[in-house]
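# Overview (structure and organization)
Spelled out from the first residue to the last, the chains are:
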Amino acid sequence: MPAVFLLDKLRTLLPNSIKLATADIAMWSVRVFPEEELIVANAVEKRKKEFRGGRHSARDALKQLGFSSCSILQGSNREPLFPQLVSGSISHCDDFCVSACALSKDFESVGIDCEKVAIISPEMYSLLFTKNEILSIKQDPLILPILIFSAKESLFKCFFPLQKEYFDFLDIEITFDQKVGRFSYRQAPQAKIKTPTYSSFEGFYVYDNIHALTACYVVNNNSVGGIF
Ligand SMILES: CC(C)(COP(=O)(O)OP(=O)(O)OC[C@H]1O[C@@H](n2cnc3c(N)ncnc32)[C@H](O)[C@@H]1OP(=O)(O)O)[C@@H](O)C(=O)NCCC(=O)NCCS
C-alpha cells in the first residue's frame, strides 16, 4: 500500500485538529528557505533531501492549520522550531516523509515517526527493547519490533520539547491495543531516569508490509472547546 494511504488511515485515528502532511518525493529536491538550507549546508545530498522533504511537509501541515509559509529552524538539540503557537513534529525514512502540527493551545506536544518495515536483528533487541517487550514480540507475531521502535521514536519527539531531556530505549516500555491501533507507555522496570507521566497522552500506529507510522500527543489540559 502506498504510504499516503497509511497516512490517511492514521488521520482517522487522530483528532481532526492535528494536521498531518507529507511531501511528494519530487519536492525533496526543491530547495527550502535560505536560512533552512544553512542548517544542512555541509550535509550529504541524502540528508539535504530528507531535510527538505520534511520542511515542505511541515509547511503543508502548518498551512492546514491556517499559518502562512515560514521557516522552521532547528534548536540546539536538533528539534524543529515551529511557530510559537504550534506543536509540531517531523519524520522521514528512505522514501517517505511526514509532519504533524497542531495548535499548542490544544496540544502541549505532538510526535510522529515513519519507518521502513525492516527486520530488526535479534542481537539488537536487548539494546532497544525491555524484557517484557521482547516477550511480547516472541509471543505475538503481530507485535513487530519496528512498531515498538517507531513508537519510542515518536514518543521521544513528543516528550523532548516538554522535558528537554534525553531518555534511552530501555527507559520506557510500550504496550499495544491492537483492536484500535493504539499504544501506551510506562516506565520500564530497569529505567535509569524517571519517565514523565502525562495522563492526557495518546499514541496510535498503522503499518503494512512496507511502512510503519506512529503518532502521539499530549493534550493541553487548559484546552477550551474540545480537541476534535
Ligand atoms: C530524534 C530522533 C528520535 C530521530 O529519529 P530518526 O528515526 O532517526 O529520524 P526521523 O526522520 O524519524 O526524525 C528526524 C527528525 O526528528 C526531529 N528531531 C530531532 N531531534 C529532535 C528532538 N530533540 N526533539 C524533537 N524532535 C527532534 C527533527 O525534526 C528531525 O528531522 P530534521 O532534522 O530533518 O528536522 C533520534 O535521532 C534521536 O535523537 N534519538 C535519541 C533519543 C532516543 O531515540 N531515545 C529513545 C527513545 S525511547
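### Things to note about unusual backbone geometry
Even without being glycine, R78 reaches a positive phi, approximately 70°. Relative to the assigned elements, R78 resides in the loop between β2 (73-74) and β3 (80-81). Phi at K164 is positive, roughly 55°, even though this residue is not glycine. With respect to the helices and strands, the residue K164 is situated in the loop between α6 (145-163) and β7 (172-177). Owing to 11 C-beta atoms within 10 Å, K164 belongs among the exposed residues under this scheme.

### A word on the site of the ligand
The full set close to the ligand counts 20 residues, and R78, E79, I90, S91 and F160 are the nearest of them. Within the residue set of the shell around the ligand, elements represented by two or more residues are α3 (45-65), β4 (86-93) and α6. Broken down by element, the residue count for the shell around the ligand peaks at five residues, all from α6. Residue composition of the shell around the ligand, grouped by class: nine nonpolar, four polar and seven charged. A domain split of the shell around the ligand shows at least three residues from each of domain 1 (19-113) and domain 2 (115-219).

### What about the sheet that holds strand β1 (residues 19-21)?
With antiparallel pairing, the three strands of this open sheet are ordered in space as β1-β5-β4. Two strands close off the open sheet at either side, each with one partner strand: β1 and β4. Neighbouring strand axes in the sheet, compared pairwise and without regard to direction, differ in orientation by 15° on average. Both β1 and strand β5 (residues 96-103) contribute to a ladder of three bridges, which runs antiparallel. When the sheet's bridge partners are listed, K19 is paired in β5 with C101. Here α3 sits on the sheet in contact with β1, β4 and β5, set at roughly 35° to β5.

### Remarks on the pairing of strand β6 (residues 107-116)
As a general feature of sheets, a regular strand has side chains that alternate between the two faces. For β6, a buried count of nine out of ten residues is recorded, marking the element as mostly surrounded by other parts of the structure. Two elements, β6 and strand β10 (residues 211-219), share nine bridges in a ladder whose sense is antiparallel. Bridged to C114 within β10 is L213.

### A closer look at the pairing of β4
Burial of β4 is extensive: eight of the eight residues sit out of reach of the surface. Judged by which residues are buried, β4 turns out to be covered on both faces: V86, G88, I90 and H92 on one side and S87, S89, S91 and C93 on the other are all buried. Here β4 folds back onto β5 in antiparallel fashion, the turn holding two residues.

### Observations concerning the sheet that holds strand β9 (residues 201-207)
The strand order across the open sheet formed by five strands is β6-β10-β9-β8-β7, and the pairing between neighbours is antiparallel. Looking at which strands have only one partner, the edges of the open sheet turn out to be β6 and β7. Between one strand axis and the next, the sheet turns by 25° as a mean value, whatever way the strands run. Bridge count for β7 against strand β8 (residues 182-187) is six bridges, and the pairing is antiparallel. In the strand pairing of β8, I174 is matched with Y185.

### Regarding the domain arrangement of the protein chain
As far as domains go, the protein chain holds domain 1 (19-113) and domain 2 (115-219). Computed from C-alpha coordinates alone, the two centres of domain 1 and domain 2 are separated by 22 Å. Counting only elements with at least two residues in the side of domain 1 that touches domain 2, the list comes to β4, β5 and β6. The biggest single contributor to the side of domain 1 that touches domain 2 is β6, with seven residues. Within the side of domain 1 that touches domain 2, the residues separate by chemical class into eight nonpolar, four polar and four charged.

Analysis parameters
- Residues numbered from 1 in each chain as written.
- Predicted model: local features only at pLDDT ≥ 70, side-chain atom pairs only at ≥ 80, totals over all residues.
- Helix = DSSP H or I, 4+ residues; strand = E, 2+ residues; numbered from the N terminus.
- Buried ≥ 20, exposed ≤ 12 C-beta atoms within 10 Å, placed from the backbone.
- Near = placed C-beta within 6 Å.
- Nonpolar A, V, L, I, M, F, W, Y, C, P; charged D, E, K, R; others polar.
- Domains from an automatic or database assignment.
- Pairing = 2+ DSSP bridges.
- Axes fitted to C-alpha atoms, helices over the stretch in contact; angles between N-to-C directions.
- Contact = placed C-beta atoms within 7 Å.

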